[in-house]
Structure formats: C-alpha cells, structure tokens
Amino acid sequence: MEKSRGGFTAFLVITTALLTAAFIAALAIGRYQVAPRDVVRILMNPGAEDLPGELSLAQSVILNIRLPRVMLALFGGVGLGVSGAVFQGVFRNPLVSPGVVGVTSGSGFGAALAILIFGWGPMPQLFGFLFGAAALGTTWYIARRSGTNSLLVFVLAGVIVNMFFQAMISLVKFTADAEEKLPSIVYWLMGSLSSASWRKAALAIPVILISSLVLVGMRRRINLLSLGEEAVRGLGVDPRGPMASVLIFTTLSVSAVVSVAGIVGWIGLVVPHITRMIVGPDHDRLLPASALVGALFFLVIDTLGRTISAQDIPLGILTALVGAPVFIVLLIRSKGRWVL
Amino acid sequence: MKISLTDASFAYNPEQLVFRDLSFQLDSGQIMSLIGPNGCGKTTLLKCLVGIRSFSGGLLELDGKAGPSDSDRTRLFGYVPQLAGDPVPYSVEQMVLLGRARFMGPFSRPDPQDIAIAETSMEMVGITRLADRGFHSLSGGERQLVLIAQALTTGATTLVFDEPTSALDLVNQHDTVDLLRRLSHDEGYTVIFSSHDPSHALHISDQCLLMDKTDGSRFGPAEEVITEAELRRVFGVESQVIRHERKGQGTSMGVLPILKPYFKKTGKAG
C-alpha cells in the first residue's frame with residue numbers, strides 16, 4: 001500500500017537516529033569500555049594529542065581498531081541491503097538475493113583463490129568481482145536457456161551454481177597451507193570483520209559507496225526493469241543497457257563486501273523484505289531505505305558478534321540465526337503468494 | 001501513422017514457421033482488428049510490428065519509410081500487452097509515469113511536464129481517481145486501463161493492443177472497445193488490436209486482418225472480411241452477422257455465434 005510522504009520522512013528520521021545511536025554504542029562497547037560521552041569527544045576531535053592517559057588509550061582503540069570495523073559493517077550493510085533489493089526488483093523474484101543466485105559464493109571462491117595465491121590485498125576484491133560476475137552470468141544463462149521465465153528455474157539454477165562454487169571453495173581450503181593460510185581463509189569465509197583495518201576499509205568502502213550510489217540513483221530505472229523485458233521494450237527502452245549496469249554494480253558491491261567480510265548470508269535477502277513491509281515496494285523509497293536498514297542490521301549483528309562472548313562469533317552464523325526465523329515468518333505470512 | 005506490411009513472415013527457426021505472406025495497409029487514424037484462431041500467431045505478429053521481435057521476412061513501411069529498425073518501432077508504437085502474470089505493486093500514477101521512461105536518462109526523475117502528460121493520459125482513459133491505488137489491487141478492467149494510459153504516455157500516435165478484452169467481463173469489454181473507438185475517432189490515434197470476439201472487430205474496426213493457420217489469411221474492410229462465410233471457413237463455426245440501428249445514435253454491428261444445436265429435454269420438473 002502507498003505510504004504517505006510524512007510516513008516516509010518519519011521512517012528516515014527514526015532510522016537515522018537509530019543508526020547514530022548504534023554507531024556510538026558500537027564504538028563504546030567491547031572488551032575495553034568507553035563512555036559514550038568520551039566516544040563523541042574523541043570523534044569530534046580525532047587529532048587531539050593532549051588527552052589524559054585513559055582517554056588517549058580510548059582514542060587509539062576507537063580510531064584504529066573499532067572505527068574501521070564499524071565503518072566496514074555500515075557499508076557492508078548498505079552494499080548487501082541495496083543489492084538485495086535491486087536483485088529482487090530486476091529479477092521480479094522475492095526469493096532472490098546475491099547469495100541465492102551464486103554471486104556471494106562465486107565471489108567467495110574468487111577471493112579465497114586470490115588469498116591463496118597473492119595473500120591479502122587488492123587481489124581478493126578483483127578476483128571476487130570476476131568470479132561473482134561469472135557465477136551470476138552462469139545462473140542467468142541457465143535460466144534463460146531453459147526458455148521459461150519461471151521463478152523456480154532461476155532459483156534452482158542459483159542453487160546449482162552455489163553448490164558448484166561451494167565445492168570450489170572447499171577445493172581451495174583443501175589446497176591451502178594448514179598452518180598459516182587455511183585458518184584465516186576458513187575464519188574469513190564464515191563471515192567476520194575481526195581483521196578489519198583502515199587498509200581494508202580503504203579498498204572496499206569506495207567501491208561499495210559508488211556502486212550503491214549508482215544503484216540508488218537508478219531506482220526509477222529499476223522500477224522500469226521490474227516490469228519485465230518485453231514490457232520495457234514495448235515502452236521504447238532497450239533493457240539490456242540498464243540491466244547490464246545494474247548487474248555490474250550489484251556484483252561490484254557484493255564482491256567488495258565479500259572480500260572484506262567473507263560470506264555473510266541472509267542480509268541481502270531479509271533486509272529488503274523487512275524494509276518493503278515498512279516503506280512499500282516502490283524502489284524510489286525502497287532502495288534508500290534498504291541502505292539504511294541494511295547498515296543498521298549489519299552493525300548490530302557485528303557488534304553483538306564481538307561482544308556477547310569472549311571470542312568473535314562469525315557473522316554468517318549470527319545472520320543465519322536471525323535471518324532464518326525472520327524469513328520463515330515472512331514466508332508463512334505471505335501465504336505462498338509473494339508480492340514484490 | 002500510415003502502415004504498410006507486405007508478405008511478412010516470422011519463424012523461430014526454418015522448421016517452426018509461425019506465419020507467412022501477411023500483408024495489410026492501414027491509413028493514419030484508422031482502426032484495424034486482427035482476428036484468427038488460437039495459435040495462428042496474432043501475438044507474435046503484434047510483437048514483430050512494435051519491434052519487440054523481428055520479422056523473418058517481408059517489407060514494412062511506416063509513413064512511406066521502408067525497414068524501420070526494431071528500436072525505432074518500439075518508440076513509434078505504443079504497445080499494450082495482454083494482461084498476464086503477477087501485477088507489480090506500484091501505484092497507478094507511478095505505472096503510468098513509466099511510459100515516460102524513454103525520455104528520461106538513467107538517473108533522472110519525472111519532471112513536471114512528464115507528470116502533466118501522465119495526468120492527461122489518466123484523464124483520457126478515466127482513471128484519475130485511481131492514481132494513488134496500488135496497481136496490484138485493481139480489477140482486471142482497471143489494470144487494462146492503466147496499461148492503456150501508460151502506452152498513451154509514451155507519446156506514440158499508433159497504439160497496438162494485444163487482446164485488450166480477453167480478461168474482462170461484459171461491461172468492461174464494452175467500455176474498452178468504446179475507449180479504443182474514441183481514441184481513434186476523437187483523438188486521432190491509429191489503433192491496431194487483436195481480439196477473440198469478431199463482434200468487437202466488426203463493431204469498431206475500419207480494416208480487418210483475418211489470420212488463418214494455413215495460407216488463408218485475408219485483409220480488407222471489416223464488413224467484407226468478417227462475414228458468415230469467412231468465419232465458417234476459418235473457425236468452422238456458424239454465425240449470424242447482426243446490424244442494430246438506434247434512431248439518432250448510429251449503428252451497432254455484432255456477430256452472434258450459432259452454437260451447435262441439440263434437442264432440449266422437455267420433461268416437466270419434479
């Protein structure tokens with residue numbers, strides 16, 4: 001149903017407020033607790049050198065350890081939330097997410113392969129993109145060649161591509177040096193920001209930011225694409241150009257997230273659904289809103305993951321524990337009839 | 001737009017011919033109907049015409065210019081597809097505005113002029129009151145009107161409708177047929193539509209293309225093509241052409257199909 005403009009403004013105000021609160025809380029809590037007041041003080045003047053001893057330690061913890069991690073969580077959520085909503089729109093399919101169609105596991109394989117060969121650096125991101133694109137291309141090709149436009153074939157093709165790349169990931173793990181590289185690959189693949197650094201943030205965040213801005217900018221075009229290929233042609237627009245841009249930028253965004261955070265499932269699937277229930281299905285509002293909800297979701301999950309036990313709990317585990325029940329509820333509530 | 005099609009054919013591959021040797025000529029502002037049995041290729045012909053698909057052979061001339069490209073045709077024709085599939089949940093106004101998409105860049109939003117054009121289209125088909133409703137929440141007849149308004153918003157002056165009445169009840173069929181007529185007679189649009197109902201074709205169309213699975217397609221003025229003999233030949237169905245005059249209001253034309261006769265049971269009830 002149409003939501004009023006006032007309702008949408010209220011949504012933006014509330015989410016932004018929650019995000020700000022979560023941002024400060026995430027920087028404050030952890031093994032070394034900092035008072036929220038001090039967090040704000042440090043953020044207001046990050047270059048301060050004359051801080052008293054205790055605050056000087058807090059400054060270092062926040063600026064060098066927590067801030068890059070929090071920024072990666074925020075932008076990881078933006079990237080996954082926006083790409084998930086875009087995928088569901090352009091494929092006219094509410095069961096689709098970057099994870100379901102194979103982009104995530106393709107990127108995961110590419111990045112793992114690059115880590116194995118080159119170690120950490122820019123290469124995992126590049127390989128992640130290339131193999132993510134290959135996975136998406138394969139899923140799309142299978143679905144198209146089947147000659148049907150059916151939701152089922154597309155999802156099944158995604159499942160197959162996913163399983164293939166999962167096997168390839170296992171092959172990488174099998175080959176990896178069990179002393180050094182294997183543990184870091186395994187841990188990263190389960191989804192983790194525990195090795196976040198400004199260096200990783202500097203590689204991933206610009207890519208995610210630009211891709212997401214492009215996708216959100218194209219939100220009217222995404223409304224158009226969701227009418228289906230023939231209807232778009234009938235309106236005098238060639239769908240291939242905008243479709244290609246949309247797929248390239250979603251894959252760029254997802255592979256950048258995967259290369260720093262590993263395989264974090266569920267966010268790209270669940271966030272757009274939750275957001276759609278609040279702001280409605282029009283991508284004009286859904287895309288910016290999914291960016292905010294995704295950022296909040298990812299940040300809360302990551303902060304929980306590093307604070308509820310002595311050791312970091314991998315993100316993939318937490319998102320599945322939260323995402324699966326939410327999705328089950330959505331599935332039952334929809335009574336088998338999905339409306340985008 | 002003046003349209004001339006000569007010996008057109010379409011085949012998915014050499015073994016799978018859908019139609020061939022189809023020809024028609026239509027003057028600007030006229031209405032052409034397209035009738036024929038299921039599977040004779042009506043939808044495919046319309047898709048080829050508007051540039052969603054490409055003809056395999058034949059010559060198409062639009063206002064005297066031969067061989068317009070597929071993408072030119074998608075812009076010259078406004079296309080209203082059959083109602084099918086799960087409807088998208090956008091608002092009616094948003095749906096109609098999507099008709100302006102070809103004038104907009106990938107990042108731009110509708111400007112006041114686009115919105116004014118969309119409002120005019122909605123007014124023309126009488127759906128202004130539905131502007132804020134969700135497309136998916138509408139009835140079949142209302143959805144059909146939204147798609148017509150969307151096609152009008154593209155600015156095309158030739159409109160192509162694929163079975164605009166097939167999903168509608170009696171009164172909505174009547175209203176849609178009359179809307180097509182008004183678009184041509186009052187607003188000057190050139191209209192092409194396919195239908196399963198020869199009455200609709202006979203009632204409003206100037207020209208009719210009667211398609212047949214074999215090589216028996218015929219084209220001509222509707223009253224010459226839609227006859228009892230031709231309907232028997234192509235559909236194998238008996239029928240009666242009806243002409244209904246109403247004083248001071250003009251003429252209605254119709255076709256009454258004569259269903260297979262049988263003997264009614266005459267026993268008393270109870």
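Thresholds, definitions, all that
Residues numbered from 1 in each chain as written. Chains lettered and ligands numbered in written order. Predicted model: local features only at pLDDT ≥ 70, side-chain atom pairs only at ≥ 80, totals over all residues. Helix = DSSP H or I, 4+ residues; strand = E, 2+ residues; numbered from the N terminus. Rg over C-alpha atoms; globule rule 2.2 N^0.38 Å. Buried ≥ 20, exposed ≤ 12 C-beta atoms within 10 Å, placed from the backbone. Contact = placed C-beta atoms within 7 Å. Pairing = 2+ DSSP bridges. Nonpolar A, V, L, I, M, F, W, Y, C, P; charged D, E, K, R; others polar. Expected span 1.5 Å × (residues − 1). pLDDT = per-residue confidence, 0-100. Axes fitted to C-alpha atoms, helices over the stretch in contact; angles between N-to-C directions.

### Regarding the overall build of chain B
Piece 1. Helices and strands together make up the secondary structure of chain B, namely nine helices and 12 strands.
Piece 2. Its C-alpha radius of gyration of 20 Å places chain B within 12% of the 18 Å reference for a compact globule of 270 residues.
Piece 3. For the C-alpha atoms alone, the extent of chain B along its principal axes is close to 70 × 55 × 40 Å.
Piece 4. Burial status across chain B gives 42% buried among its 270 residues.
Piece 5. Taking contacts inside chain B between residues at least 6 apart in sequence as the whole, the part at least 24 apart equals 63%.

### What about the pairing of strand β12 (residues 250-258) of chain B?
Residues and elements named next belong to chain B.
Piece 1. In terms of strand pairing, strand β11 (residues 238-246) meets β12 through nine bridges, oriented antiparallel. Its bridge partner being in β12, Glu 245 is matched across the sheet by Thr 251.
Piece 2. Connecting the antiparallel pair β11 and β12 is a turn made up of three residues, with Gly 248 showing a positive phi of about 75 degrees.

### What to know about helix α1 (residues 42-50) of chain B
All names here are of chain B.
Piece 1. Of all nine residues in α1, seven are buried; the element is thus mostly enclosed.
Piece 2. Along α1, the positions that sit buried rather than exposed are Lys 42, Leu 45, Leu 46, Lys 47, Cys 48, Leu 49 and Val 50.
Piece 3. Immediately beyond the C-terminal end of α1, within one or two residues, lies Gly 51, with a positive phi of roughly 90 degrees.

### Examining the interface of chain A and chain B
Piece 1. Across the boundary between the two partners, chain A contributes 23 residues, which contact 24 residues of chain B.
Piece 2. Looking at the side of chain A that touches chain B, the elements with two or more residues in it are α9 (219-225) and α10 (229-234) of chain A.
Piece 3. Residues that form the side of chain A that touches chain B fall into these classes: 11 nonpolar, five polar and seven charged.

### Some details on helix α1 (residues 5-28) of chain A
Each turn of an α-helix holds 3.6 residues, which means side chains three or four residues apart point in the same direction.
Piece 1. Helix length check: α1 of chain A (24 residues) gives 35 Å between terminal C-alpha atoms against 34 Å at 1.5 Å per residue, within 8%.
Piece 2. Within α1 of chain A the residues assigned to the buried category are Thr 15, Phe 23, Ala 26, Leu 27 and Ala 28 of chain A.

### Some thoughts on the confidence of the model for chain B
Piece 1. Across chain B, the average pLDDT comes to 92, with 99% of residues at 70 or higher.
Piece 2. Quick note on the complex model: pTM equals 0.90, ipTM equals 0.89.

### What about the sheet that holds strand β9 (residues 207-210) of chain B?
Strands pair in a sheet through their backbones, by hydrogen bonds, and they do so in one of two ways: parallel or antiparallel.
Residue and element names in this part refer to chain B.
Piece 1. Spatial strand order, β6-β7-β8-β3-β9-β10: six strands in an open sheet with mixed pairing. Both edges of this open sheet fall to β6 (77-80) and β10 (218-221), since each of them pairs with a single strand only. Taking the axes of each pair of neighbouring strands and ignoring which way they run, one obtains an average angle of 15 degrees across the sheet.
Piece 2. Where β9 meets β10, four bridges bridge the pair, whose relative direction is antiparallel. Considered in β10, the bridge of Leu 210 is made with Arg 218.

### Some points on the sheet that holds strand β5 (residues 65-66) of chain B
Residue and element names in this part refer to chain B.
Piece 1. With antiparallel pairing, four strands are arranged side by side in an open sheet as β2-β1-β4-β5. Each edge of the sheet is formed by a strand with only one pairing partner; in this case those strands are β2 (17-26) and β5.
Piece 2. As judged from the six bridges shared by strand β1 (residues 3-11) and β2, these two strands associate in the antiparallel manner. The residue of β2 that forms the bridge with Ala 8 is Leu 22.
Piece 3. The strands touched by α1 are β1 and β2; relative to β2, the strand with the most contacts, the crossing angle is about 60 degrees.

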